[in-house]
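Letter by letter, the chains look like this.
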There are 2 protein chains.
Amino acid sequence: MAAIGTARLLKRLVELNRIGETVEGGVTRLGFSQEEEAAVRLCEQWMRELGLVVRRDSVGNLYGRRPGRREGPAVVTGSHVDSVPNGGKYDGVVGVLCALEAVGLFAARNIVTEYPLEVVVFRCEESSRFGVATLGSRAVAGSLREEDLHRLCDADGVTVAQAMAALGLEPRRLAEARRSPGSVRAFVEIHVEQGTVLERAGCPIGVVTHIAAPTRYQVRVSGEAAHSGATPMNRRKDALAAAAEIVLAVERAAQDEAACGTVGTVGVLTVKPGAMNVIPGDVEMGIDIRSIDGESKKRAVQRILAAMEETALRRGVKITEKLLVDEEPVALSPWVQEQIRWAAERAGHRHMPIVSAAGHDAMHMARIAPTGMVFLPSRDGVSHNPLEYTDIEDVAAGAEVLFWTLWRLAEAQGEAPLEVEPLTA
Amino acid sequence: MAAIGTARLLKRLVELNRIGETVEGGVTRLGFSQEEEAAVRLCEQWMRELGLVVRRDSVGNLYGRRPGRREGPAVVTGSHVDSVPNGGKYDGVVGVLCALEAVGLFAARNIVTEYPLEVVVFRCEESSRFGVATLGSRAVAGSLREEDLHRLCDADGVTVAQAMAALGLEPRRLAEARRSPGSVRAFVEIHVEQGTVLERAGCPIGVVTHIAAPTRYQVRVSGEAAHSGATPMNRRKDALAAAAEIVLAVERAAQDEAACGTVGTVGVLTVKPGAMNVIPGDVEMGIDIRSIDGESKKRAVQRILAAMEETALRRGVKITEKLLVDEEPVALSPWVQEQIRWAAERAGHRHMPIVSAAGHDAMHMARIAPTGMVFLPSRDGVSHNPLEYTDIEDVAAGAEVLFWTLWRLAEAQGEAPLEVEPLTA
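These remarks concern the structure in this document. (Residues numbered from 1 in each chain as written. Chains lettered and ligands numbered in written order. Predicted model: local features only at pLDDT ≥ 70, side-chain atom pairs only at ≥ 80, totals over all residues. Heavy atoms only, no water.)

1. Looking at the overall build of chain A
Let me state the cut-off plainly: The helix count covers DSSP runs of H or I at least four residues long, the strand count covers runs of E at least two residues long, and both are numbered beginning at the N terminus. The rule is simple: take the accessible area with a 1.4 Å probe, protein chains only, and divide by the maximum for that residue type; under 20% is buried, over 50% is exposed, in between is partly exposed. The contact criterion used throughout is that any non-hydrogen atoms of two residues lie within 4.5 Å. Where accessible areas are quoted, they stem from the Shrake-Rupley method and a 1.4 Å probe; at the residue level, only the protein chains shown are allowed to cover.
Along chain A, the regular secondary structure elements total 12 helices and 15 strands. Among the 425 residues that make up chain A, the fraction classed as buried is 63%. For chain A, restricting intrachain contacts to residue pairs at least 6 apart in sequence, the fraction spanning at least 24 positions comes to 79%. Counting only carbon and sulfur atoms, one obtains 50% of the accessible surface of chain A, whose full area is about 15,200 Å².

Below, the structure is given as structure tokens:
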């Protein structure tokens, strides 16, 4: 009898991660790249195998719909399949695979729900390529403007619009991707935790209560390139020394707000001209600050901006910052959380409340529908790294919990006993 | 009557700098590249036009010899024609052009010197490509080993030996490039100052007393790449934050030794994986410390190494350093300095003592022969940059001073009145 298939989950995980695999054992499937597109097409094939009604929206988000007893609104579940450069094989992917597995079980057992079920694969969730995350779900929530598609560009100067066009998508039809709040009854996303809270608690299911949203700046420090040997220390305008102070100021500001769960990171920093014997003239850097506490995040940002101003004045360098993203932290739907807890208990898995320090597509879906998230344990909390790992048994547990969550949210009828198949391959 | 030709100097400067010219208005003629080779061939052609006896040594250094009344030893003068990426048009080039102009004047006026005169064009003076500077003059001084040619490589993994072989040079004949101290009576090099001392003093001629030699380290900081949102501040091993402390430690150590003329720079720093939402796992950086005071440089290096160790311990990151270069500062020959001062006075140009904070080929020639250097003003001290500029009248003054310096060092006889031709084209 049909059940949640651990072996099938693993097989799909391996198959999907052949796309964009790196020599270091990670994957590179950047948003709106050919690799992401290939992964989306593979998901489309799986959706068709499940008998789902497949459609692409104007920005390339993929939907697979299993009709309900009534037309709508739909209960939507899914995640993304793009990755950071040389990223892990679980981030995003397990959310999509669990959605396919759970909705597939409704199909396999011919369970008809009151409301339609939809699996979604959002595009370009990671910010690595264009500096802004969750482009696909932003489009769905209506919080992306067409001008953003022309403004945001990758390291090669390719804009989002150009990358989309290269895949046959039409940037000017962006607005068509928007969904009305009335069309989505609820959204649930499964994702790996990317932290160690569940692992340390020995708990397989995290019920996410809040999502910490990022504030991001692109900062440029302009000093003066000069010969490293012939320029006395007191006549230098070293852009890298100034940037080093900013890196440490970001760390300090976040540490001072750590009690509120605030974190701050400089993940990108490039030095020009970048030669051993030339004092750096220009540095570009990216600052990422996150919190589930909006006030704490604001305090950290203010301290960082003040430190940048002080550094610029003292060192005589020019520091300009561009605000890339400034999101408000999101509280997830108590109603959806309640269904997830019920589902975890129904499936016999321990659960605990957890906050998401990372942004997710769910953050935007929360604007148009009651939204919940389920976290699964990440080994050693490793994320955005080839060593990222979540046990396939935990993924299967997630799919079970998702099945029962969808059962409740979409008002299925009857009983659908579950067994987890033994891991066979 | 033959004279120092300002117009000819400018014409040759323009012609040579067509080779490797960049869209930004600079030049890229990396050591042992086809561009450097083309520039060396152009110099060879000019040498032949002056009737010099031309030869290449085993590493590709070019010599043009004007015989003296006796066989040897020779008075050698010259510099280099390679550049940093997108570098300036004067660094190295003016030393070669002044040498050609001064020795050319001996030829044009049929002045025979007691000792032979030689113009030299050294290979690969800049460290940009292989991380180590002055490869050609090192070979001449016997301070380069064949294994170095196989060990040092550029960013594409091409070794010096491979780059040499691509130009038809034979790395295993390295030792043949070595010159015995008995074969060189004196060496004089003209170079742009790459600083603002002469410009600010309004003085056209700097008589270099010491050369500050570099100590260089390649440093790798290994932390842990992790998700920038999901990793609490107290669980991070941020390689960039650790590297930022090192950048500031280098600056501080050099500032504390500034009274001894010590400078310290981090000119190269790369972050991996380098994404907005990933805590940096690895940073590679290049540290360059220079001084004319060997003890002061050692103190600065010790403080930097101690700071790196402290950072590694406190942050739980791994920091490894590789010593790339460790040169001793060089005091130039008082005898040659005396001849340069005499020459500047004979030519009617003001002169002042100056130290070289940058390394030069003269540093290695000083090991095998009495060596001197003449500095010419650099506008705004700009160096290793397309905006590098030295007035052609100052270059002509340098050629005049070099003529009279060679006159004394090579014991010419009679009088050779000089006029600087007006700048015509």
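2. Quick word on the interface of chain B and chain A
Formally: We count a salt bridge whenever a side-chain nitrogen from Lys or Arg sits within 4 Å of a carboxyl oxygen from Asp or Glu. Whenever a nitrogen or oxygen atom comes within 3.5 Å of another N or O atom, the pair is scored as a polar contact, on the condition that within protein one atom can donate a hydrogen and the other can accept it, and that pairs from neighbouring residues in sequence are kept only if both atoms are in side chains. As a working rule, the residues Ala, Val, Leu, Ile, Met, Phe, Trp, Tyr, Cys and Pro are called nonpolar, Asp, Glu, Lys and Arg charged, and the rest polar, with Gly in that last group.
With 58 residues of chain B at the contact, the number on the chain A side is 59 residues. Linking chain B with chain A are two salt bridges. One salt bridge in this structure joins arginine 315 of chain B and glutamate 251 of chain A, with 2.6 Å as the shortest N-O distance. Inspection of the chain B/chain A interface yields 18 residue pairs in polar contact (both at pLDDT 80 or more). Looking at the side of chain B that touches chain A, the elements with two or more residues in it are β7 (213–222), β8 (226–227), α8 (239–256), β9 (263–272), β10 (278–279) and β11 (282–291) of chain B. For the side of chain B that touches chain A, the class distribution of residues is 27 nonpolar, 20 polar and 11 charged.

3. Remarks on the side chain of glutamine 339 of chain B
All names here are of chain B. By the secondary structure assignment, glutamine 339 is in helix α10 (residues 334–347). Within the structure, glutamine 339 has its side chain in polar contact with the side chain of arginine 408 (distance 3.0 Å). Not counting chain neighbours up to four residues away, the residues in contact with glutamine 339 comprise Thr405, Arg408 and Leu409.

4. Brief notes about the sheet that holds strand β12 (residues 318–326) of chain A
Residues and elements named next belong to chain A. Test applied: Here a strand pair is declared whenever DSSP counts at least two bridges between the two strands. A fitted line through C-alpha atoms represents every axis, and for helices the fit uses only the stretch in contact; the resulting angles, taken between N-to-C directions, go from 0 to 180 degrees.
Spatial strand order, β9-β11-β7-β12: four strands in an open sheet with antiparallel pairing. Edge positions in the open sheet fall to β9 (263–272) and β12, since each of these has one partner strand only. In this sheet, adjacent strand axes meet at a mean angle of 15° when their direction is disregarded. Relative to β12, strand β7 (residues 213–222) is paired through eight bridges, and the arrangement is antiparallel. Opposite serine 222, over in β12, you have lysine 318 as the bridge partner. Relative to the sheet, helix α8 (residues 239–256) contacts β7, β9, β11 (282–291) and β12, its axis offset from that of β9 by approximately 170°.

5. Some remarks on the sheet that holds β9 of chain B
Residues and elements named next belong to chain B. Strand order in the open sheet formed by four strands is β9-β11-β7-β12, and the pairing between neighbours is antiparallel. In this open sheet, the two strands that pair with only one neighbour each are β9 and β12 (318–326). The sheet shows a mean angle of 15° between the axes of neighbouring strands, taken without regard to direction. Here β9 runs beside β11; their pairing, made up of nine bridges, is antiparallel. By the bridge assignment for β11, leucine 269 is matched with methionine 285.

6. Section: the relation of the copies chain B and chain A
Applied cut-off: Least-squares superposition aligns the copies on the C-alpha atoms of those residues with pLDDT at or above 70 in both.
Once chain B has been moved 0.7 Å along the axis and rotated by 180°, it coincides with chain A to within an RMSD of 0.5 Å. Within this description, the copies of the chain are treated as partners about a two-fold rotation axis. The rotation axis passes nearest to the C-alpha of alanine 244 of chain B in chain B, at a distance of 2.2 Å. A share of 100% of the interface residues of chain B reappears at the interface of chain A, consistent with the copies meeting face to face through the same patch.

7. Looking at the pattern of salt bridges
Residue and element names in this part refer to chain A. With the rule as written, the count across this model stands at 71 salt bridges over all chains. The closest approach of N and O atoms between aspartate 148 and arginine 145, which form a salt bridge, is 2.8 Å. Aspartate 148 sits in the buried class, given a relative accessible area of 5%. Relative accessible area serves as the criterion here: at 47%, arginine 145 is assigned to the partly exposed category. Counted as one network, the salt bridges with shared partners bring together Glu36, Glu37, Arg41, Glu44, Arg48, Arg56 and Arg123.

8. Concerning the environment of methionine 352 of chain B
Residue and element names in this part refer to chain B. Looking at the secondary structure, you find methionine 352 in strand β14 (residues 351–356). For methionine 352 and arginine 341, which are 11 residues apart along the polypeptide, the C-alpha to C-alpha distance reads 8.5 Å. Ignoring anything within four residues of it in the chain, the contact list for methionine 352 reads Val197, Leu198, Ala201, Cys203, Ile205, Gly206 and Val207.

9. A short note on the packing of aromatic side chains
The condition is simple: We call Phe, Tyr and Trp rings a pair once their centres come within 6.5 Å, taking the six-membered ring for Trp, and we label the pair stacked below 30 degrees between planes, edge-to-face above 60, and tilted otherwise. Note on criteria: charge over ring means Lys NZ or Arg CZ within 6 Å of the ring centre, with the direction from the centre no more than 35 degrees off the ring normal.
Tallying each qualifying case throughout the model produces 16 aromatic pairs over all chains. For the pair phenylalanine 106 of chain A and phenylalanine 403 of chain A, a centre-to-centre distance of 4.5 Å together with 35° between the ring planes defines the contact as tilted. Of the two residues, phenylalanine 106 of chain A sits in helix α3 (residues 93–108) while phenylalanine 403 of chain A sits in helix α12 (residues 392–409), which places them 297 residues apart along the sequence. Overall, the relative accessible area of 0% leaves phenylalanine 403 of chain A in the buried class. A ring pair is formed by phenylalanine 403 of chain A and tryptophan 404 of chain A, whose centres lie 5.2 Å apart and whose planes are at 80°; its orientation type is edge-to-face. An aromatic cluster of three or more residues is present, and its members are Phe106, Trp342, Phe403, Trp404 and Trp407 of chain A. One residue, arginine 346 of chain B, lies across the ring of tryptophan 404 of chain B, its end atom 4.1 Å from the ring centre.

10. As for the pairing of strand β6 (residues 205–211) of chain A
All names here are of chain A. With respect to burial, β6 is a largely interior element, six of its seven residues being buried. When β6 meets strand β14 (residues 351–356), the two strands line up parallel, connected through six bridges. Note on β14: the bridge partner recorded for valine 207 is proline 353. Pairing of β6 with strand β15 (residues 371–376) involves two bridges; the strand directions are antiparallel.

11. Regarding α8 of chain A
Residue and element names in this part refer to chain A. Worth spelling out the cut-off: The span one expects for a helix is its residue count, reduced by one, times 1.5 Å.
The end-to-end C-alpha separation of α8 is 26 Å, in line with the 26 Å expected for 18 residues at 1.5 Å each. For α8, a buried count of 15 out of 18 residues is recorded, marking the element as mostly surrounded by other parts of the structure. Backbone nitrogen of leucine 240 and a side-chain oxygen of the N-cap are separated by 2.8 Å at the start of α8; the cap is aspartate 238.

12. Brief notes about the environment of glycine 20 of chain B
Residue and element names in this part refer to chain B. Tracing the backbone shows glycine 20 in the loop between α1 (6–16) and α2 (34–49). Distance from glycine 20 to aspartate 82, taken between C-alpha atoms, is 9.7 Å for residues 62 residues apart in sequence. Residues within four places of glycine 20 in sequence aside, it is in contact with Gly26, Val27, Thr28, Arg29 and Glu35.

13. Let's talk about the side chain of threonine 22 of chain B
Mapped onto the fold, threonine 22 of chain B is located in the loop between α1 and α2. In this structure threonine 22 of chain B comes out as buried when scored by relative accessible area, which is 16%.

14. Some points on unusual backbone geometry
Geometrically, the link from lysine 272 of chain A to proline 273 of chain A is a cis peptide bond, its omega value of 0° lying close to zero. The residue proline 273 of chain A is located in the loop between β9 and β10 (278–279) in this model. Between glycine 72 of chain B and the following residue, proline 73 of chain B, the backbone shows a cis peptide bond with an omega angle of -5°. Tracing the backbone through its elements, the reader meets proline 73 of chain B in the loop between β2 (62–66) and β3 (74–80).

15. Quick look at the packing of helix α1 (residues 6–16) of chain A against α3 of chain A
Helix packing geometry: the angle between the two helix axes and the distance between the axes. Residues and elements named next belong to chain A. What counts here: For classification purposes, angles smaller than 35 degrees are called roughly parallel, those larger than 145 roughly antiparallel, those between 65 and 115 roughly perpendicular, and all remaining angles oblique. Handedness of a helix crossing follows the sense of rotation of the near helix relative to the far helix, less than a right angle counterclockwise being left-handed and clockwise being right-handed.
As a packed pair, α1 and α3 sit with axes 10 Å apart at the nearest point and diverge in direction by 135°. As summarised for this structure, α1 and α3 are arranged oblique, according to the angle between their axes. For the pair α1 and α3, the sense of crossing is right-handed. Residues Arg8, Leu9, Arg12, Leu13 and Leu16 of α1 pack against Val93, Val94, Leu97, Cys98, Leu100 and Glu101 of α3.

16. Remarks on the packing of α1 of chain B against α2 of chain B
Residues and elements named next belong to chain B. Here α1 crosses α2 at 150°, and the two axes come no closer than 10 Å. In terms of their interaxial angle, α1 and α2 are classed as roughly antiparallel. For the pair α1 and α2, contact is made by Arg12, Glu15 and Leu16 and by Ala39, Leu42, Cys43 and Trp46, respectively. Here the contact of α1 with α2 is built from residues that sort into five nonpolar, no polar and two charged.

Remember, this is a structural readout, not a statement about activity or role.
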